[in-house]
Amino acid sequence: MAIDDARGLLIVFSGPSGCGKGTIMERLLAARDDTMLSVSVTTRAPRPGDVDGVQYFFRTHEQVEQMIREDALLEYAQYNGNYYGTPRAAVEEQLAAGRNVILEIEVQGALKVMSRVADYVSIFLLPPSMEELERRLRGRGTETEESVQNRLAAACEEVAQADKYQYLVRNDEVDAAVQRISTIIDAEKMRCDRSKYILEDLNYAEPH
Ligand code: ADP
Ligand code: 5GP
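Analysis parameters
- All residue numbers refer to position in the chain's written sequence, counted from 1.
- All chains are assigned letters beginning at A, and all ligands numbers beginning at 1, according to the order in which they are written.
- Reporting of local features is limited, given that this is a predicted model, to residues whose pLDDT is at least 70; pairs of side-chain atoms are given and counted only at 80 or more, and all residues count toward the totals for whole chains, interfaces and linings.
- Only hydrogens and water are set aside when side-chain values are computed; all heavy atoms of the structure are taken into account.
- A helix here means a DSSP run of H or I that spans at least four residues, while a strand means a run of E at least two residues long, and both kinds are numbered starting from the N terminus.
- In this description the radius of gyration comes from C-alpha coordinates, and the expected globular size is given by 2.2 Å times residues to the power 0.38.
- Each residue's exposure class comes from its accessible area (1.4 Å probe, protein chains only) as a fraction of the maximum for that residue type: buried when under 20%, exposed when over 50%, partly exposed otherwise.
- Contacts are assigned to residue pairs with any non-hydrogen atoms lying within 4.5 Å of each other.
- Per-residue accessibility takes into account occlusion by the displayed protein chains alone, with areas from the Shrake-Rupley method and a 1.4 Å probe.
- Two residue types count as positive, namely Lys and Arg, and two as negative, namely Asp and Glu; His and chain ends fall outside the count.
- By convention, the point assigned to a charge is CZ for Arg, NZ for Lys, CD for Glu and CG for Asp.
- As used here, the term nonpolar core means buried Ala, Val, Leu, Ile, Met, Phe, Trp, Tyr and Cys residues forming a set that is joined through side-chain atoms within 4.5 Å.
- We call a residue near a given molecule or strand whenever any one of its heavy atoms falls within 4 Å of it.
- Any pair of N or O atoms that falls within 3.5 Å is considered a polar contact. Within protein, one atom must be able to donate a hydrogen and the other to accept it, and sequence-neighbouring residues count only if both atoms are side-chain atoms.
- Of the two site types, the cavity is a set of points on a 1 Å grid over the protein atoms alone where a 1.4 Å probe fits but cannot get out, and the pocket is an open set with protein on both sides within 12 Å along at least five of seven lines, each lined by residues with an atom within 4 Å of a point.
- Assignment of a molecule to a cavity or pocket requires that more than half of its atoms lie within 2 Å of the corresponding grid points.
- Residues are grouped as follows: nonpolar covers Ala, Val, Leu, Ile, Met, Phe, Trp, Tyr, Cys and Pro; charged covers Asp, Glu, Lys and Arg; every other residue, Gly included, is treated as polar.
- For helices, the axis comes from a line fit to the C-alpha atoms of the stretch in contact; other axes are also lines fit to C-alpha atoms, and the angle between any two N-to-C directions lies between 0 and 180 degrees.
- Here the word oblique covers every angle except those under 35 degrees (roughly parallel), over 145 (roughly antiparallel) and from 65 to 115 (roughly perpendicular).
- Crossings are assigned a handedness: left-handed for a near helix turned anticlockwise from the far helix by less than a right angle, right-handed for a clockwise turn.
- Pairing between strands is defined by DSSP: at least two bridges between them are needed.

Undergrad: Before we go on, may I ask you to explain the overall build of the protein chain in this structure?
TA: A count of helical and extended segments in the protein chain gives 8 helices and 9 strands. A globule of 208 residues ought to have a C-alpha radius of gyration of about 17 Å, and the protein chain, at 18 Å, matches this closely. For the C-alpha atoms alone, the extent of the protein chain along its principal axes is close to 70 × 40 × 30 Å. Evaluated residue by residue, the protein chain yields a buried proportion of 43% over its 208 residues. Residue pairs in contact within the protein chain that sit at least 24 positions apart in sequence constitute 69% of those at least 6 positions apart. When the accessible area of the protein chain is evaluated, it comes to approximately 11,300 Å², of which 52% is carbon and sulfur surface. Measuring between centres, the 24 positive side-chain charges of the protein chain sit 3 Å from its 35 negative side-chain charges.

Here it is as structure tokens:
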């Protein structure tokens, strides 16, 4: 088996709204061409600048419910009154092609993936403080006051579940946080159970 044939990592990535997930992902993906982000379906309205098929596939409630019935979603959850879900087929295709796939999803959905999938890496991104989280969420300027309040309430519940993840990463400084996540990916790829094909490729049993 050639090294390129190795299966990609399925990476579950969560953190409270406003802690910097989108910012970190943009930098990480620009730095690593072996890693891609799964594009979710959602019923929430696009934000200014959002493009269908890039940030999300924007769909109606009926369309998402149809996907749920057809078992086309690896997981889904309701968050702030909307459905969010991960299309299963695209994830499978990319993993089989050897690419690492990141699911940037909230905690309920992440826990579902962790209970259903045998092999995954889970990372929870933390803000340096809850005060800084509120500053970032407001500073982004994308949410109504009601949505800010809902997201801050959800944040407390989400952080309370952070210890169910394998890795905790602080987003104090963007470059440092990106580097930490990249280090996790590199180390996880080198785990013996995921890299036995390297031994096979060595042909060490035959004298040279
Ligand atoms: P999320 O995707 O988790 O909701 P965003 O990536 O949209 O969060 O970040 C929320 C706001 O915080 C944005 O305005 C972003 O520029 C800012 N931000 C992200 N990371 C940092 C950081 N390390 N330091 C300061 N501001 C940050
Ligand atoms: P936002 O509306 O800010 O884009 O996303 C709200 C929350 O939904 C974020 O915590 C984000 O990680 C999460 N989310 C995005 N896509 C999915 C998905 O496919 N499944 C689940 N469970 N959560 C998602």
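Following the structure, the description resumes.
Undergrad: I keep staring at the nonpolar core and nothing clicks. Help me out?
TA: Nonpolar side chains tend toward joint burial in soluble globular proteins. Formed by 22 residues in total, the largest nonpolar core has its most connected members in Ile 11, Phe 13, Ile 24, Leu 28, Ile 123, Val 169 and Ile 181. Of all the elements in the fold, those that place two or more residues in this core are β1 (10-14), α1 (21-31), β8 (121-126), α5 (130-140), α6 (145-159) and α7 (174-189). Counting residues per element, this core draws most heavily on α7, which supplies 5 residues. Ignoring anything within four residues of it in the chain, the contact list for Ile 123 reads Ile 11, Val 12, Phe 13, Ser 14, Tyr 165, Tyr 167, Val 169, Ile 181 and Ile 184. In terms of nonpolar packing, the next biggest core, distinct from the first, is built from 17 residues, Val 113, Met 114, Leu 126 and Tyr 165 among them.

Undergrad: Even after reading the chapter, I still don't get the site of ligand 1, so can you show me in this structure?
TA: Taken together, the neighbourhood of ligand 1 is formed by 14 residues, with Gly 18, Lys 21, Gly 22, Thr 23 and Arg 140 sitting nearest. One of the backbone nitrogen or oxygen atoms of Lys 21 is found 2.8 Å away from an oxygen atom of ligand 1. In the model, an oxygen atom of ligand 1 is placed 2.8 Å from a nitrogen or oxygen of the Gly 22 main chain. Relative to its free-state accessible area of 570 Å², ligand 1 is covered by the protein chains to the extent of 73%. When atom positions are compared with the pocket grids, ligand 1 is found to occupy the largest pocket. Within the residue set of the shell around ligand 1, elements represented by two or more residues are α1 and α5. No other element matches α1, which puts 3 residues into the shell around ligand 1.

Undergrad: I'm lost on the site of ligand 2 in this one. Help?
TA: By nearness alone, 16 residues border ligand 2, and Ser 40, Arg 44, Tyr 56, Tyr 84 and Glu 106 come closest of all. Protein burial of ligand 2: of its 520 Å² of free accessible surface, 96% is covered by the chains. The cavity where ligand 2 resides is the largest pocket. Classifying every residue of the shell around ligand 2 gives 5 nonpolar, 4 polar and 7 charged.

Undergrad: What am I meant to see in the packing of α1 against α7 here?
TA: When two helices pack together, their arrangement is given by the angle between the helix axes and by the axis-to-axis distance. Contact geometry for α1 and α7: axes closest at 9 Å, N-to-C directions at 60°. Comparing their axes, α7 and α1 come out oblique. Considering the relative orientation of α1 and α7, their crossing is right-handed. On α7, the residues that touch Thr 23, Ile 24, Arg 27 and Leu 28 of α1 are Val 174, Asp 175, Ala 177, Val 178, Ile 181, Ser 182 and Ile 185. Looking at side-chain class alone, the contact of α1 with α7 contains 7 nonpolar, 2 polar and 2 charged residues.

Undergrad: Hey, could you run me through the pairing of strand β6 (residues 82-87) in this one?
TA: Consecutive side chains along a regular strand alternate between the two faces of the sheet. With 6 of its 6 residues buried, β6 lies for the most part within the structure. On β6, burial covers both faces: Asn 82, Tyr 84 and Thr 86 on one face and Tyr 83, Gly 85 and Pro 87 on the other are all buried. For strand β3 (residues 40-42) and β6, the ladder comprises 2 bridges, and the chain directions are antiparallel. Paired with Val 41 across the two strands is Gly 85, which belongs to β6. Bridge count for strand β5 (residues 73-79) against β6 is 6 bridges, and the pairing is antiparallel. Note that in β6 the partner of Glu 75 across the bridge is Thr 86. Linkage of β5 to β6, two consecutive antiparallel strands, is achieved through a turn of 2 residues, within which Asn 80 is found at a positive phi near 50°.

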